[in-house]
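Tertiary structure, described
This is what each chain is made of:
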Amino acid sequence: MLSRPKSTIAKSSIGKTARGVATLLLAATVAVSSSATAFAQAVPVVRDAEIEALVRDYARPIFKAAGLANDGVDIVLVNDQSFNAFVTGRRMFINTGALMMAETPNEVIGVIAHEAGHIAGGHQQKLREQLERAKTMAILATLLGAGAIVAGATTNSRGLAGAGIGVAAGGGEMAQRSILAYQRTEEATADRSAITYLNATGQSGMGMLKTFARFQSALSLSGTQVDPYRISHPMPRERIANLEVLVKQSPNVDKLDLPALQQRHDMMRIKIAAYMGGQAAATRLMRKNPGSLASRYGDAQMAYLYGNLGAALTKTNALIKEQPKNPYFQELRGDILMKANKPKDAADAYAKAVSLDPMRSGLLPVSLGQALMAIGTPDSLKKAVVQINNGLGRDKENTVGYRYLAQAYGELGNVPAAELATAEGHFYGGDYKNAKIFAMRAQKDMKRGEPGWLRAQDIINYNPSGKLKK
Ligand SMILES: [Zn+2]
């Protein structure tokens, strides 16, 4: 399921969310602060186990070749139809628009390689370090000129898509203009490094060249907005010409993506189109390759999204028969069954998804937990708590997960645990004020020194400037 945390907290906490980053970028966001209430409605992050896994698979070999991050990369999908991608130390932010525009994995991988080149080159090192310390939501709040983006209800992503995209484009562009903006010499360095990483991993630079040439051409100006990526990375004609020489010298120039990877890419694009772009966008992509697995996946998703649950289930079952080990087909089956009010069957499907997922996404156990909660017996509620905690253990910043955890504890009558879960949700959402309020409430009914009490104390002591008070 593509979902995103909904913003429920007003802008007042932005100053505290990422002090270092906020101070640095406030100048850029002042101009949009008068409409901060509108921004608070916008929800810039989308979460999806399948897309995150794919982008991580794109990034991992490149990061390794660049000598960066040995233990995986966190992928943050930004709900914005413009093209942008940037990397802080272990987090890679990428707009859904950038994924949609790329026709091949190689185009995305090329951009990742270029970004890795900036990191390895030490470009914008100070800013990167500040971004690295800040929480994901706080970075986005700052980047998008939005208020604090905090845990809230999971909503049907379709409902908010239109508003979210439009709003993020307006304010974000200004903040993004000043962030991670590179010098021309740095661009040349990053291009050269990118080619080195692509060569080391046996991949072509053609995707990168295609993407950058597109920015360089007049075509990229025809839209209603300028892509933030184009603003931060200068693309004069000369740069593209130099890059072209490097790309064509490579022995890998004609290498194509592996068919299985291209298939996953096609499935991702159709999924983003179906969930974020609406029926027309998805249909347009599906028509390019009718009958393909990606098209049939899109077809099943559209049936699910647009209310034909019987057909959605039939189509999804057919997909599962074709790829029985695909965890995301099981996930879709679970989503359909949840919507059809069959939580027991949904739980079975999600449990399969969890067991099949090689990437161990934290999102799938939380979905399983939701289905177990919907079953509603004391036994299933206890199992739900285990699963949601399991998911949050893998993915601490899943702010929505804490909300379900709090609800499950609440239904079991464990009020202090529910309050601590609420505190965690606020904490990871960057709303430290409410996090502390709930942590103090939780402590009242906890034994001093027990693990929950200690965790609550950590939240109470947390100092956003980076150090814990002891
Ligand atoms: Zn660049």
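Everything numeric in this text was worked out from a predicted model, so none of it was measured. (Residues numbered from 1 in each chain as written. Predicted model: local features only at pLDDT ≥ 70, side-chain atom pairs only at ≥ 80, totals over all residues. Heavy atoms only, no water.)

1. Things to note about the overall build of the chain
When you go through the chain residue by residue, the secondary structure sums to 25 helices and four strands. Taking all 470 residues of the chain together, the buried fraction comes to 56%. Summing over all exposed atoms, the chain offers an accessible surface of approximately 19,500 Å²; the carbon and sulfur share of this is 55%. (Helix = DSSP H or I, 4+ residues; strand = E, 2+ residues; numbered from the N terminus. Buried < 20%, exposed > 50% of the residue type's maximum accessible area, 1.4 Å probe, protein only. Areas by Shrake-Rupley, 256 points an atom, 1.4 Å probe, with all protein chains shown as cover.)

2. Observations concerning the layout of surface pockets
The gaps left among the atoms become clear once a water-sized probe is rolled over them. The calculated volume of the largest pocket comes to roughly 660 Å³. If you trace the largest pocket, you find 29 residues lining it, with Asp74, Arg90, Asp395, Lys396 and Glu397 closest to the centre. Here the lining of the largest pocket takes four residues from strand β2 (residues 74-78), the largest share from any one element. Residues of the lining of the largest pocket, tallied by class, amount to ten nonpolar, four polar and 15 charged. Space inside the second largest pocket adds up to approximately 520 Å³. Among the elements that line the lining of the second largest pocket, the one with the most residues is helix α14 (residues 259-277), at five residues. The residue inventory of the lining of the second largest pocket, partitioned by class, reads eight nonpolar, five polar and eight charged. (1 Å grid on protein atoms, 1.4 Å probe; cavity = no way out; pocket = protein on both sides within 12 Å on 5 of 7 lines; lining within 4 Å. Points joined across faces, edges and corners; volume = space filled by probe spheres on them. Nonpolar A, V, L, I, M, F, W, Y, C, P; charged D, E, K, R; others polar.)

3. Quick word on the packing of aromatic side chains
Scanning the model with the defined rule gives eleven aromatic pairs in all. Ring geometry for Phe83 and Tyr229: centres 5.5 Å apart, planes at 70°, overall edge-to-face. Separated by 146 residues along the polypeptide, Phe83 in the loop between β2 and β3 (85-87) and Tyr229 in helix α12 (residues 228-232) bring together distant segments of the chain. Pair check on accessibility: Phe83 and Tyr229 agree, each one buried. Consider the rings of Tyr297 and Phe329, whose centres lie 5.0 Å apart with planes at 65°: the pair is edge-to-face. (Phe/Tyr/Trp six-rings, centres within 6.5 Å; stacked < 30°, edge-to-face > 60°.)

4. Thoughts on the coordination of the zinc ion
All of the protein donors around the zinc ion are His114 (NE2), His118 (NE2), Glu187 (OE), Glu187 (OE) and His233 (ND1); their distances to the metal are 1.9 to 2.7 Å. In primary-sequence terms, the residues that donate to the zinc ion follow H-x3-H-x68-E-x45-H. Linking His118 in helix α6 (residues 105-120) with His233 in the loop between α12 and α13 (237-249), this pair joins segments that are 115 residues apart in sequence. The same class applies to His118 as to His233, namely buried. (Donors = N, O, S within 2.8 Å, 3.2 Å for Na, K, Ca; no water.)

5. Thoughts on the pairing of β2
Among the five residues that make up β2, four are buried, leaving the element largely enclosed by the rest of the structure. When strand β1 (residues 45-46) meets β2, the two strands line up antiparallel, connected through two bridges. Paired with Val45 across the bridge in β2 is Val78. Sheet analysis places β2 next to strand β4 (residues 91-95), joined by five bridges and oriented parallel. The residue of β4 that forms the bridge with Leu77 is Ile94. (Pairing = 2+ DSSP bridges.)

6. Describing the nonpolar core
Soluble globular proteins tend to pack their nonpolar side chains together in the buried interior. One finds Ile94, Leu99 and Phe212 to be the most contacted residues of the largest nonpolar core, which totals 116 residues. For this core, the leading source of residues is helix α4 (residues 49-65), giving nine residues. Contact partners of Ile94, with chain neighbours within four places excluded, come to Val55, Ile75, Val76, Leu77, Val78, Asn84, Ala85, Leu99 and Val108. By size, the runner-up hydrophobic cluster in this structure holds nine residues, among which are Val78, Phe86, Leu127 and Ile139. (Core = buried A, V, L, I, M, F, W, Y, C linked by side-chain atoms within 4.5 Å. Contact = heavy atoms within 4.5 Å.)

7. Looking at the sheet that holds β3
Ordered by their spatial adjacency, four strands build an open sheet running β1-β2-β4-β3, and the pairing between neighbours is mixed. For this open sheet the edge positions go to β1 and β3, each flanked by a neighbour on one side alone. The strands touched by α6 within the sheet are β3 and β4, with β3 carrying the most contacts at an inclination of about 40°. (Axes fitted to C-alpha atoms, helices over the stretch in contact; angles between N-to-C directions.)

8. Here we look at the environment of Asn95
With respect to the secondary-structure elements, Asn95 resides in strand β4. A residue is classified by how much of its surface remains accessible, and Asn95, at 3% relative accessible area, is buried. Residues Asn95 and Pro44, 51 residues apart in the sequence, show an inter-C-alpha distance of 9.4 Å.

9. Remarks on helix α7 (residues 125-133)
The periodicity of an α-helix, 3.6 residues per turn, causes residues three or four places apart in sequence to face the same way. Burial in α7 covers these residues: Leu127, Arg128 and Leu131. Along the long axis of α7, the arc covered by the buried residues comes to 100°, so they all point the same way. The outward face of α7, more than 90 degrees from its buried face, is lined by the exposed residues Lys126 and Arg133. (Arc of directions from axis to C-beta.)

10. Points about the packing of helix α24 (residues 432-444) against helix α25 (residues 451-461)
It is at 9 Å that the axes of α24 and α25 come closest, and there the two elements cross at 150°. Here α24 is positioned roughly antiparallel relative to α25, judged by the angle of their axes. The chirality of how α24 crosses α25 is left-handed. On α25, the residues touching Ala435, Lys436, Ala439, Met440 and Gln443 of α24 are Trp453, Ala456, Gln457, Ile459, Ile460 and Asn461. (Parallel < 35°, antiparallel > 145°, perpendicular 65-115°, else oblique. Left-handed = near helix turned anticlockwise from the far one by under 90°.)

Don't take any of this as a statement about function, it's just geometry.
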